[in-house]
Amino acid sequence: MADLSINLAGIKSPNPFWLASAPPTNSGYQVQRAFEAGWGGAVWKTLGEPILNVSSRFAAVSFNGQRVMGFNNIELITDRPLEVNLKEIYETKKRFPDRAVVASLMVEPKREKWHEIVKRVEDVGVDGLELNFGCPHGMAERGMGSASGQVPELVEKQTYWVKEVARTPVIVKLTPNITDITATAEAAVQGGADAISMINTINSLMGVDLDTWNTIPHVAGKGAHGGYCGPAVKPIALSMVAECARHPRIHVPISGIGGISSWKDAVEFMLMGATGVQVCTAVMHHGFRIIEDMIEGLNYYLDEKGIASVMDIVGKSVHKYSNWGDLDLHYKVVARINKDVCINCNKCYISCEDASHQCIDRLTDENGKEYLKVREEDCVGCNLCSIVCPVDGAIDMIEMPSEHMPMTWNERQAAISGLSSCSVDVK
């Protein structure tokens, strides 16, 4: 069995699967049950000044038969007294000393406020702190959450204030509701962050009821923007993790969050630079016991690959993530249809004909049977046909030999610029 334990900026846990700061970590009862099930750590639901929540507060999008493809909430930070949370954190850590217990914090952007809550929380034995600079609703309207997280100067300043008094590692949780997440990630590092976590939820309006015209969800006929999460946000989160992981000035560990529902998702995040992952929506959908499949699947994957420790996969794909201008213009793949597997549903033909490059022909063989064939000389390798095909193995994307040496757009432009300079010199 591979070693699944991780060390994120000094915070150790027996496996990389943590619960994110959210409804599943709202109480000691829940977190302790999660640890009993096998979770390696938990980020306690955000602590701060007392708040009032509304009803109703959750909504979800289902797609093509899959429930909760995306999830939205307008719930705020914990509405339980700080003293009660601190008592339960102490009891939970005492009972599970080997699990990571991290306190998520959010207060007004005032130095004394941060100092006060950090000291109180660390006194009960947490392993680390996570600064919530990401919540896009409710708290942002009060100058906290993403209102702070969208301003690099505020991220740096508040991180610095926390580091002035913190004795445990400090993780800064970043908002995705920004043009360039590396700007705030770098600001967190400048402020002294020991690690960063991402992504928090995305600004969203889940829908409108076509009968009542109310927003979904609504509170007495009125709605507000909320935070979007779940499997649908995974590609956005993965991209932001990768951008930070490859940034030369963001040299701290990353805790990956956003649409992680399985061990496979976790491996992708870790390959793209995350030291560990946090899970929320999948637990809200299926419960704490999903950890069993996640641990078993990760163990099997690492054993199959001959990898001794899960930490050995962290960041292994970061060098493969680049900019468009660094991609080889001469690399080519084409679609090839397997007649023995194809069911002639014509999905690929329709998609190619209407939305791509019209390079699939409908033909008839010597027995009068219709079949589909790609004109490979006209295929641009866009992948659309293989994406819409409902049958695994019916369409393969085949790499074609190239007559040209590899060349990127940037290299091409440099070569053109060089030729232009030469012609100027000759003149």
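Attention in this report is confined to the structure presented alongside it. (Residues numbered from 1 in each chain as written. Predicted model: local features only at pLDDT ≥ 70, side-chain atom pairs only at ≥ 80, totals over all residues. Heavy atoms only, no water.)

## Some details on the pattern of salt bridges
A complete count under the given rule lists 22 salt bridges for this structure. Between Glu164 and Arg111 there is a salt bridge whose closest N-O contact spans 2.3 Å. Of this pair, Glu164 sits in helix H5 (residues 152-165) while Arg111 is found in helix H3 (residues 111-122), placing the two residues 53 residues apart along the sequence. Its relative accessible area of 40% is what places Arg111 among the partly exposed residues. Between Arg167 and Glu122 there is a salt bridge, with its nearest N and O atoms 3.8 Å apart. On the criterion of sequence distance, the pair formed by Arg167 in the loop between H5 and strand E9 (170-174) and Glu122 in helix H3 is long-range, its members being 45 residues apart. On the basis of relative accessibility, which here comes to 5%, the residue Glu122 falls in the buried class. Within the structure, one salt-bridge network assembled from shared partners comprises Lys45, Arg57 and Glu75. (Salt bridge = Lys/Arg side-chain N within 4 Å of Asp/Glu carboxyl O. Helix = DSSP H or I, 4+ residues; strand = E, 2+ residues; numbered from the N terminus. Buried < 20%, exposed > 50% of the residue type's maximum accessible area, 1.4 Å probe, protein only.)

## Concerning the sheet that holds strand E6 (residues 66-73)
The strand order E5-E6-E14-E11 describes an open sheet built from 4 strands, whose pairing is antiparallel. Bordering the open sheet on either side are strand E5 (58-63) and strand E11 (202-204), each of which pairs with just one other strand. Ignoring which end each strand starts from, the neighbouring axes of this sheet average 40° apart. Pairing between E6 and strand E14 (residues 226-229): 3 bridges, direction antiparallel. Bridging from a neighbouring strand, Asn73 pairs with Gly227 of E14. (Pairing = 2+ DSSP bridges. Axes fitted to C-alpha atoms, helices over the stretch in contact; angles between N-to-C directions.)

## What to know about helix H6 (residues 181-190)
Across the 10 residues that make up H6, a large majority, 8, are buried. Residues of H6 that are buried in the fold lie against helix H4 (146-149), H5, E9, strand E10 (195-198) and helix H7 (234-245). Directly beyond the C-terminal end of H6, a positive phi value near 105° is found at Gly192. (Contact = heavy atoms within 4.5 Å.)

## Quick word on the side chain of His115
With respect to the helices and strands, His115 occurs in helix H3. Within the local environment of His115, its side chain forms a polar contact with the backbone oxygen of Trp161, the two atoms lying 3.1 Å apart. (Polar contact = N/O pair within 3.5 Å; in protein donor to acceptor, adjacent residues only side chain to side chain.)

## Quick word on H7
Relative to the 16 Å expected for 12 residues at 1.5 Å per residue, H7 spans 16 Å between its end C-alpha atoms, a close match to the ideal helical length. Among all positions in H7, only Lys234, Ala237, Leu238, Met240, Val241, Ala242 and Cys244 are buried. Elements in contact with the buried residues of H7: H6, E10, strand E15 (254-257), helix H8 (263-271) and strand E16 (274-279). (Expected span 1.5 Å × (residues − 1).)

## Section: the packing of aromatic side chains
According to the stated counting rule, one finds 4 aromatic pairs in the structure shown. The interplanar angle of 65° and the centroid separation of 5.4 Å between the aromatic rings of Phe35 and Phe96 together place this pair among those described as edge-to-face. Note that Phe35 is positioned in helix H1 (residues 28-37) and Phe96 in the loop between helix H2 (82-95) and strand E7 (100-105), a separation of 61 residues in sequence. Each ring, one from Phe58 and one from Phe71, has its centre 5.2 Å from the other, and the planes form 55°; the classification is tilted. With Phe58 in strand E5 and Phe71 in strand E6, the pair connects residues that are 13 residues apart, well separated along the chain. A relative accessible area of 34% places Phe58 in the partly exposed class. Positioned above the aromatic ring of Tyr371 is the side chain of Lys339, whose terminal nitrogen or guanidinium carbon lies 4.2 Å from the ring centre. One residue, Arg362, lies across the ring of Tyr349, its end atom 4.1 Å from the ring centre. (Phe/Tyr/Trp six-rings, centres within 6.5 Å; stacked < 30°, edge-to-face > 60°. Lys NZ or Arg CZ within 6 Å of the ring centre and 35° of its normal.)

## Section: the nonpolar core
Among the nonpolar cores identified, the biggest contains 89 residues, and Trp39, Leu47, Leu129, Ile196 and Met198 are the most heavily contacted of them. Sequence-distant contacts of Trp39, that is, excluding residues within four places in its chain, are made with Asn15, Phe17, Trp18, Leu19, Ala34, Arg99, Val279, Val283, Phe288, Ile290, Ile291 and Met294. Within the second largest apolar cluster, 16 residues are counted, among which are Val334, Cys359, Cys385 and Ile395. (Core = buried A, V, L, I, M, F, W, Y, C linked by side-chain atoms within 4.5 Å.)

## Describing the sheet that holds E10
Read around the closed barrel, 8 strands run E3-E4-E7-E8-E9-E10-E15-E16, paired in parallel fashion. For this sheet the average axis-to-axis angle between neighbouring strands, irrespective of direction, equals 25°. Summarising the sheet, strand E3 (residues 17-19) and E16 pair through 3 bridges and their orientation is parallel. Paired with Trp18 across the strands is Gln278, a residue of E16.

## Observations regarding the state of the cysteines
Per the counting criterion, the structure on display carries 0 disulfides. Cys135 forms no disulfide, and the closest cysteine sulfur to it belongs to Cys229, at a distance of 11 Å. Note on Cys135: relative accessible area 9%, which makes it buried. Just so you know, Cys345 is unpaired, no disulfide at all, and the nearest cysteine sulfur is the one on Cys389, 6.0 Å from it. By relative accessible area, Cys345 is classed as partly exposed at 36%. (Disulfide = S-S within 2.5 Å.)

## Some words on unusual backbone geometry
In the segment running from Ser55 into Ser56, the intervening peptide bond is cis, with an omega of 0°. Backbone torsion omega between Met198 and Ile199 reads 5°, so that peptide bond is classified as cis. With respect to the secondary-structure elements, Ile199 resides in the loop between E10 and E11. Positioned with a positive phi, Asn64 is a non-glycine residue whose angle comes to about 55°. Looking at the element boundaries, Asn64 is found in the loop between E5 and E6. For Asn64, a relative accessible area of 72% puts it in the exposed group. In the Ramachandran plot, Asn346 falls in the positive-phi region, its phi being about 70° despite a non-glycine side chain.

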